[in-house]
Amino acid sequence: MKNNPNQENSLRHVLFGSLIGTTIEFFDFYIYANAAVLVFPQLFFPGASSTNSTLESLATFSIAFLARPLGSAVFGHYGDKIGRKVTLVVALLTMGLSTIAIGFLPGYASIGIAAPILLMLCRFGQGVGLGGEWGGAVLLAIENAPPNKRAWYGMFPQLGAPIGLLLSGGTFLILTDSMTSEAFMDYGWRIPFIASSLLVIVGFYIRLKISETPAFENSKEEQKEVRIPFFTLLKSYKNQLIFGTLSAVTTFLVFYLMTVFTLSWATSDLGFTKRDALLIQLLSVLFFAFFIPVSALVADKIGRRKILIITTAAIAVFGFFFSYFLNSGNPVLVTAFVCMGMSLMGFTYGPLGTFLSELFPTTVRYSGASLTFNLAGILGAAFAPMIAIWLASTYGLSYVGFYLTAAALISLVSFLVISKKVHQF
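Residues numbered from 1 in each chain as written. Predicted model: local features only at pLDDT ≥ 70, side-chain atom pairs only at ≥ 80, totals over all residues. Heavy atoms only, no water.

Draft legend 1. Just the pattern of salt bridges, in detail. Evaluated as defined, the whole model comprises five salt bridges. Between aspartate 300 and arginine 304 there is a salt bridge, and its shortest N-O distance comes to 3.0 Å. Residue arginine 304 is classed as buried on the basis of its relative accessible area, which comes to 13%. Ionic contacts of the salt-bridge type, sharing partners, join the residues Arg150, Asp300, Arg304 and Glu358 into one network. (Salt bridge = Lys/Arg side-chain N within 4 Å of Asp/Glu carboxyl O. Buried < 20%, exposed > 50% of the residue type's maximum accessible area, 1.4 Å probe, protein only.)

Here it is in structure tokens:
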């Protein structure tokens, strides 16, 4: 890495830029998740049974995950060709404008079938934007990191996930506490979507001030650029793409089972109020946030692969206790269950970005890390809430736990067989 007198200041700027960007992106992404459970079934999918309305709403939730690999391919291509900085700015705007537009959509009662169609288009835009955002934010951090602190630097953009979730859940909690149900359903739910425009402006300003990463600049100077990164990945890095994707599946699944599924199940089947369910979720996010830096510190000492293998094995065991905690209906046990799940999520999520990025060389790293992460999102999260609700309704909560355990075993095998080469930065 090239040194200069202002490197320390620029690194602080870069780390804050990567954190604030992912915070904004995940805030936008999670306010949709909350609304998909609490608002959209009634507003955009009325007339069906309560369960069917929820399933239809969650189907639109999955659209973003299907769109994320497209965002990875498009933004990854330009991120590897022209640089991380410009690509990150465009990804942020794509995500932000799609989110703001949702806040102005009329409901089904006003424009009929056009309402859910427009909602799906906006959700698609969210997915494309986040598909390009995550990989670039992670690279912005770790390509500026010393070799012995790569996981520590790489966890800063990962912290955007719990911070964004805290902001989104807290916003919905304040709104539901301060407004009547009628006012909240009429216009209150729109406030966080429209207010996200302020965050987008801040993020846009910060991203414009970020400098390019040394790794990318060195790669350009050495003329190591590849013509089409996506084709290079398919030709030379199939092992990393396939098993990198499968290794990250459990990270997505455990998160969306602990958040979207649990929020839906607690309010619809366990008798929890929306407020109580949101409070449990917000408490659990503190555990998520705490264990991200803890896991990064451990990962820099014992290795990224080792900490991820240990955590994935623990998640496989955790799946067997799913029904014991949730079926109890006891608020203390349910809270403990969600907090344990989110603690495990922190341990697997903290070093994941660094692990996936180290699988690929600089010339295809943006595309490779983004694609593995977002393809895992399709397998582990796109339909996870729907599958979990169907399993719980049809066979019981135990089978939701078996679903999680099976995914963890697949990820565990993938960590063991994936290429062990760590590419230079």
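Moving on from the model shown.
Draft legend 2. Geometry of a nonpolar patch on the surface. Side chains of Val317, Phe320, Phe321, Tyr324, Trp390, Tyr395, Tyr399 and Phe402 sit close together on the surface and give an oily, nonpolar patch of about 920 Å² of accessible area. Among the secondary structure elements, phenylalanine 320 is positioned in the loop between helix H15 (304-318) and helix H16 (322-326). (Patch = residues over 30% accessible without salt bridge, like charges linked within 9 Å, V, L, I, M, F, W, Y side chains within 5 Å. Areas by Shrake-Rupley, 256 points an atom, 1.4 Å probe, with all protein chains shown as cover. Helix = DSSP H or I, 4+ residues; strand = E, 2+ residues; numbered from the N terminus.)

Draft legend 3. Structural view of the side chain of serine 98. Secondary-structure assignment places serine 98 in helix H4 (residues 84-102). Judged by relative accessible area, which is 13%, serine 98 ranks as buried. If near-sequence neighbours (up to four positions away) are discounted, serine 98 is found in contact with Cys122, Gly125 and Gln126. (Contact = heavy atoms within 4.5 Å.)

Draft legend 4. Molecular detail of the packing of aromatic side chains. What the rule picks out here adds up to 32 aromatic pairs. Residues tyrosine 30 and phenylalanine 255 carry aromatic rings whose centres are separated by 5.4 Å and whose planes lie at 35 degrees to one another, so their mutual orientation is tilted. Residue tyrosine 30 is found in helix H1 (residues 7-38), and its partner phenylalanine 255 is found in helix H13 (residues 238-268); the two are separated by 225 residues along the sequence. For the residue pair tyrosine 30 and phenylalanine 255, the accessibility class agrees, reading buried in each case. Ring geometry for tyrosine 349 and phenylalanine 373: centres 6.5 Å apart, planes at 45 degrees, overall tilted. Remark: phenylalanine 373 occurs in helix H19 (residues 365-382) and tyrosine 349 occurs in helix H17 (residues 331-349); sequence separation between them is 24 residues. Take tyrosine 349: its relative accessible area is 4%, and that puts it in the buried class. Members of the aromatic cluster, joined through ring pairs, are Tyr30, Phe65, Trp134, Phe252, Phe255, Tyr256, Phe288, Tyr349 and Phe373. Taking NZ or CZ as reference, arginine 123 lies 4.2 Å from the ring centre of tyrosine 32, over its face. (Phe/Tyr/Trp six-rings, centres within 6.5 Å; stacked < 30°, edge-to-face > 60°. Lys NZ or Arg CZ within 6 Å of the ring centre and 35° of its normal.)

That's the geometry; what it means functionally is another story.
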